[in-house]
Amino acid sequence: MDSSKLSLLASWMKQSKYTVVLTGAGMSTESGIPDFRSPGGWWRNIDPATVASRYALENRYELFRDFYIMRINTLEGCKPHEGHKVLAEWEKRGLVHCIATQNVDRFHQEAGSRNVYELHGNIRTVRCEDCSNAAELKEFLEKKPCAKCKGKLRPNVVLFGESLPYEALDNATHSISKADLAVVVGTSLQVYPVNQLPELCKGKKAYINLDTGRSSSQFDLVIEGSARDVLTKAEMLLD
Ligand code: APR
């Protein structure tokens with residue numbers, strides 16, 4: 001990895017008064033969770049429309065439920081890695097104001113980050129699609145109907161065809177619009193509207209990603225590498 005780029009990132013972090021981090025599935029692959037569009041990613045083998053959409057929830061509920069039970073079970077035994085912990089540490093030290101994440105695994109919170117905007121919801125909690133009653137994850141995993149109305153249980157994840165949670169998107173939009181520095185980690189930036197967020201930053205923009213072949217032209221600094229590797233090495237220059 002290019003050490004001069006790491007030094008530049010560290011100096012920008014030190015100078016910045018308001019840094020926002022935007023993460024995607026590449027932030028969790030080193031915790032053992034597949035991403036979506038890399039080789040081996042979820043959408044390389046499954047069409048998201050058939051399992052992760054409003055259409056699937058309404059018309060293919062058993063397939064929808066099996067897919068999310070499988071994704072929830074994939075989290076079993078996985079935990080945040082050093083890179084998540086570095087971001088949480090940077091928040092504690094005032095180096096990072098907040099994290100806007102597309103991830104639904106809550107690893108940022110588990111690692112200690114407090115100001116986290118979940119733009120695509122989470123798969124750790126569930127509700128009834130029909131009466132909105134909060135339900136136990138266990139009931140969903142055991143394929144039970146809603147205890148209150150016998151309706152369909154579903155994770156609190158944003159499905160294709162659903163709008164993003166207003167408050168999370170509003171917070172993320174306001175934060176990145178005020179940022180001196182936006183650090184984008186582990187995302188292909190293929191999905192609207194999150195892929196529009198980086199350009200709202202009027203300050204400097206850094207991109208940390210394994211594949212920097214696409215989506216990198218808008219960035220002032222592009223570091224090709226793994227999230228855990230780059231973040232832990234940057235931390236060595238900051239602590
Ligand atoms: N370190 C850095 N980058 C990584 C790593 C890693 N360890 N592993 C993978 N990557 C990169 C890949 O090269 C890819 O560019 O992370 C990116 C992940 O891109 P996607 O798989 O498209 O995931 P993401 O951008 O988060 O997808 C956005 O799409 O399907 C929806 O809701 C889903 O939130 C998801 C959204």
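To be clear, the structure that these remarks concern was listed above.
Residues numbered from 1 in each chain as written. Predicted model: local features only at pLDDT ≥ 70, side-chain atom pairs only at ≥ 80, totals over all residues. Heavy atoms only, no water.

Novice: How do you make sense of the overall build of the chain when you look at a structure like this?
Specialist: Across its full length, the chain carries 10 helices and nine strands. Against the globule reference of 18 Å for 239 residues, the chain gives a C-alpha radius of gyration of 18 Å, in line with a compact fold. Considering only contacts in the chain between residues 6 or more positions apart, those separated by 24 or more positions represent 62%. Accessible surface, the chain: about 11,200 Å² in total, of which carbon and sulfur atoms supply 50%. Counting 31 positive and 30 negative side-chain charges, the chain places the centres of these two groups 1 Å from one another. (Helix = DSSP H or I, 4+ residues; strand = E, 2+ residues; numbered from the N terminus. Rg over C-alpha atoms; globule rule 2.2 N^0.38 Å. Contact = heavy atoms within 4.5 Å. Areas by Shrake-Rupley, 256 points an atom, 1.4 Å probe, with all protein chains shown as cover. Lys, Arg positive; Asp, Glu negative; His and termini not counted. Charge placed at Lys NZ, Arg CZ, Asp CG, Glu CD.)

Novice: Whenever I open this one, the packing of helix α1 (residues 3-15) against helix α10 (residues 227-238) confuses me. Can you help?
Specialist: Packed helices, taken two at a time, are described by the angle between their axes plus the distance between the axes. As a packed pair, α1 and α10 sit with axes 9 Å apart at the nearest point and diverge in direction by 60°. Accordingly, the angle class assigned to the pair α1 and α10 is oblique. Of the two elements, α1 crosses α10, and the hand of that crossing is right-handed. Within the contact between the two elements, α1 uses Leu6, Ser7, Leu9, Ala10, Met13 and Lys14 and α10 uses Val230, Lys233, Ala234, Leu237 and Leu238. Looking at side-chain class alone, the contact of α1 with α10 contains eight nonpolar, one polar and two charged residues. (Axes fitted to C-alpha atoms, helices over the stretch in contact; angles between N-to-C directions. Parallel < 35°, antiparallel > 145°, perpendicular 65-115°, else oblique. Left-handed = near helix turned anticlockwise from the far one by under 90°. Nonpolar A, V, L, I, M, F, W, Y, C, P; charged D, E, K, R; others polar.)

Novice: Looking at this structure, I do not really get the site of the ligand. What am I missing?
Specialist: Around the ligand, a shell composed of 23 residues is seen, among which Phe36, Arg37, Trp43, Thr187 and Ser188 lie nearest. Measuring from an oxygen atom of the ligand, one finds a side-chain N or O atom of Arg37 at 2.7 Å. One nitrogen or oxygen atom from the side chain of Ser188 is found 2.6 Å from an oxygen atom belonging to the ligand. Across the shell around the ligand, the residue classes tally to seven nonpolar, 12 polar and four charged. When residues of the shell around the ligand are assigned to domains, at least three fall in each of domain 1 (1-33 + 80-120 + 163-239) and domain 2 (34-74 + 124-157). (Near = heavy atom within 4 Å. Polar contact = N/O pair within 3.5 Å; in protein donor to acceptor, adjacent residues only side chain to side chain. Domains from an automatic or database assignment.)

Novice: Just to check I follow, could you spell out unusual backbone geometry for this structure?
Specialist: Of all residues except glycine, most have a negative phi; of all peptide bonds, most are trans. Going from Tyr192 to Pro193, the amide bond is cis rather than trans, its omega being 0°. Looking at the secondary structure, you find Pro193 in the loop between β7 (181-185) and β8 (204-209). Even without glycine at this site, Lys143 takes up a positive phi of about 60°. Inspection of the secondary structure puts Lys143 in the loop between α8 (137-141) and β6 (153-157). With a phi close to 70°, Lys150 is a non-glycine residue in the positive phi region. Here Lys150 shows up in the loop between α8 and β6.

Novice: Where do I start with the nonpolar core in this structure?
Specialist: For soluble globular proteins, nonpolar side chains are generally found buried alongside one another. Phe64, Phe67, Tyr68, Ile123, Phe140 and Leu153 are the most contacted members of the largest nonpolar core, which has 26 residues in total. Elements that contribute at least two residues to this core include exactly α2 (42-45), α4 (54-59), α5 (61-74), β4 (121-128) and β6. The biggest single contributor to this core is α5, with six residues. Setting aside chain neighbours within four positions, we find Tyr68 in contact with Val51, Ala52, Ile123, Phe140, Pro155, Val157 and Leu159. Counting 25 residues, the second largest nonpolar core, distinct from the first, contains Val21, Leu95, Ile99 and Leu231. (Core = buried A, V, L, I, M, F, W, Y, C linked by side-chain atoms within 4.5 Å. Buried < 20%, exposed > 50% of the residue type's maximum accessible area, 1.4 Å probe, protein only.)

Novice: Could you clarify how one ought to interpret the sheet that holds β4 in this entry?
Specialist: Where strands meet in a sheet, backbone hydrogen bonds hold them as pairs that are either parallel or antiparallel. Overall, antiparallel pairing links the three strands, which are arranged β5-β4-β6 in an open sheet. Lying at the two open borders of the sheet, with one neighbouring strand each, are β5 (134-135) and β6. The pairing of β4 with β6 spans four bridges and is antiparallel. Counted as the bridge partner of Arg127 is Arg154 from β6. (Pairing = 2+ DSSP bridges.)

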